[in-house]
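These are the residues of each chain, in order.
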Amino acid sequence: MKITLSLIKADIGSIGGHTRPSDLMLETVETLAQKAVTDGLLIDVFVSYTGDDIAILMSHTKGENNSEVHQFAWDAFIEGTNVAKSQGLYGAGQDLLVDAPSGNVRGAGPAVAEIEFDHSLESPRPAESFMVFAADKCGPGAYNLPLFLAFADPMYCGGLMLPPMIKGFSFDVIDMDNTDGDSVLKLDAPDDYYGITALLRDNERFGIDSIYSRTFNNKAASISAQRLHSIAGTYTGKDDPVALIRNQGIFPAPEEILSAFTKAHYVGGDSRGSHVMPLMPVPLNTAVTGPYCLPLVSAVGFSLNADGYFSHSFVDFFDNPVWDEVRKLAQLKGLEMRSQGWSGPAMLPYTELEYGGFRDTVEGLLSSFKFQ
Ligand code: 13P
Ligand code: MG
Ligand code: MG
């Protein structure tokens, strides 16, 4: 049978500032999700948070961009927003940018990653395992570097030298500056290696939308590369992307996918979505509480049984002391960058400042310049 994994995430309010959603918000979304399972819309569901964002992971048979599935997620976020409002929480409904989505929440604010695949549990996928990434306080291209390295560089993924992967992977790169629609270019690794890097080096404009096995023409990864400020026209919050990644066998193994996250690489985001700070790996359900607010990323793994159920158990990759060294590295890199405050590369360039107010300040001053 065909199974679709849908991961839909939104910031709909948080406690004491932009930290984490409340327990009651999470319970409300969870209850609605379980009802969607009982009603037969979904096979299985898992609700979690990363920073102030709630992620709903779903399995079902309705395909990608299904209006019922998207509408369910939207309605659950509306109910969660009502709870956030009743509790007086910060940013209630922040990512719900339209009155009602027209059958699809893509472009309406929430982040979406989806993969449909044949789930026969036969070769080349005798077992189906996958990973769920969620990042908070960061820009849409936060996964560009680590996922490119995982799927295109044998220094990070030795499996690329094995027969099932040696032809490489193709990358659908999206131009997020094109607000007319999803403008995508397919490039193959390793053939177009340098062309891909020429685009992906610009995390604010270009993002990986999806990755496919060139040998099996099978979708390996889906990333939500959407820019909320492009959608809304004004600042509405950083883009905080999610990603779904199938692993093992014909795809990279978890350790190959995770290895580049040891860099704690610098990404756009952080405080007021306007700084450049390192990406810190954290356990699932971590609140944003550190000095400044380092960009965070969580990564958990699931296995899918023959009927499409996955939530019986999961593994939390970053909830392990081996990642403490990386967290320390991220904090040190963050402190270094913060020591130069607003100067130069510590803040995003003018066009990428997520708080339009920064631009208003500059424009107000520009109008007072005079030739001497
Ligand atoms: P969120 O997008 O996570 O709400 O972050 C907003 C922000 O500006 C953090 O300072
Ligand atoms: Mg927020
Ligand atoms: Mg957020």
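For the structure, see preceding data.
Residues numbered from 1 in each chain as written. Chains lettered and ligands numbered in written order. Predicted model: local features only at pLDDT ≥ 70, side-chain atom pairs only at ≥ 80, totals over all residues. Heavy atoms only, no water.

## Some details on the sheet that holds strand 3 (residues 53-60)
With antiparallel pairing, the 4 strands of this open sheet are ordered in space as 2-3-1-4. The open sheet terminates on both sides in strands that have one partner only, identified here as strand 2 (44-50) and strand 4 (111-118). On average, each strand axis in the sheet is inclined to that of its neighbour by 10°, with strand direction left out of account. Summarising the sheet, strand 1 (residues 2-10) and strand 4 pair through 8 bridges and their orientation is antiparallel. Residue pairing across strands places lysine 2 opposite aspartate 118, the latter belonging to strand 4. In the packing of helix 1 (residues 23-38) onto the sheet, contacts are made with strand 2 and strand 3, and the angle to strand 2 comes to roughly 165°. Contacts between helix 2 (residues 67-86) and the sheet are confined to strand 1, strand 3 and strand 4, with strand 3 contributing the most and set at about 150° to the helix. (Pairing = 2+ DSSP bridges. Helix = DSSP H or I, 4+ residues; strand = E, 2+ residues; numbered from the N terminus. Axes fitted to C-alpha atoms, helices over the stretch in contact; angles between N-to-C directions. Contact = heavy atoms within 4.5 Å.)

## A short note on the coordination of the magnesium ion (ligand 3)
Under ideal tetrahedral coordination, the four donors around a metal are separated by 109.5 degrees; under ideal octahedral coordination, the six donors are separated by 90 or 180 degrees. The magnesium ion (ligand 3) binds to the protein through Asp52 (OD), Asp53 (OD), Asp136 (OD) and Asp240 (OD); the donor distances cover 2.1 to 2.6 Å. Along the chain, the residues donating to the magnesium ion (ligand 3) are arranged with the sequence spacing D-D-x82-D-x103-D. According to the relative accessible area criterion, aspartate 53 is buried, its value standing at 1%. According to the relative accessible area criterion, aspartate 136 is buried, its value standing at 0%. (Donors = N, O, S within 2.8 Å, 3.2 Å for Na, K, Ca; no water. Buried < 20%, exposed > 50% of the residue type's maximum accessible area, 1.4 Å probe, protein only.)

## Quick notes on the coordination of the magnesium ion (ligand 2)
Ligation of the magnesium ion (ligand 2) by protein atoms is provided by Asp11 (OD) and Asp52 (OD), these donors lying 2.0 to 2.2 Å from the ion. Between the magnesium ion (ligand 2) and the magnesium ion (ligand 3), both coordinated by aspartate 52, there is a metal-metal distance of 4.3 Å. With aspartate 11 in the loop between strand 1 and helix 1 and aspartate 52 in the loop between strand 2 and strand 3, this residue pair connects regions lying 41 residues apart in the sequence. The exposure classification of aspartate 11 matches that of aspartate 52, with both residues buried.

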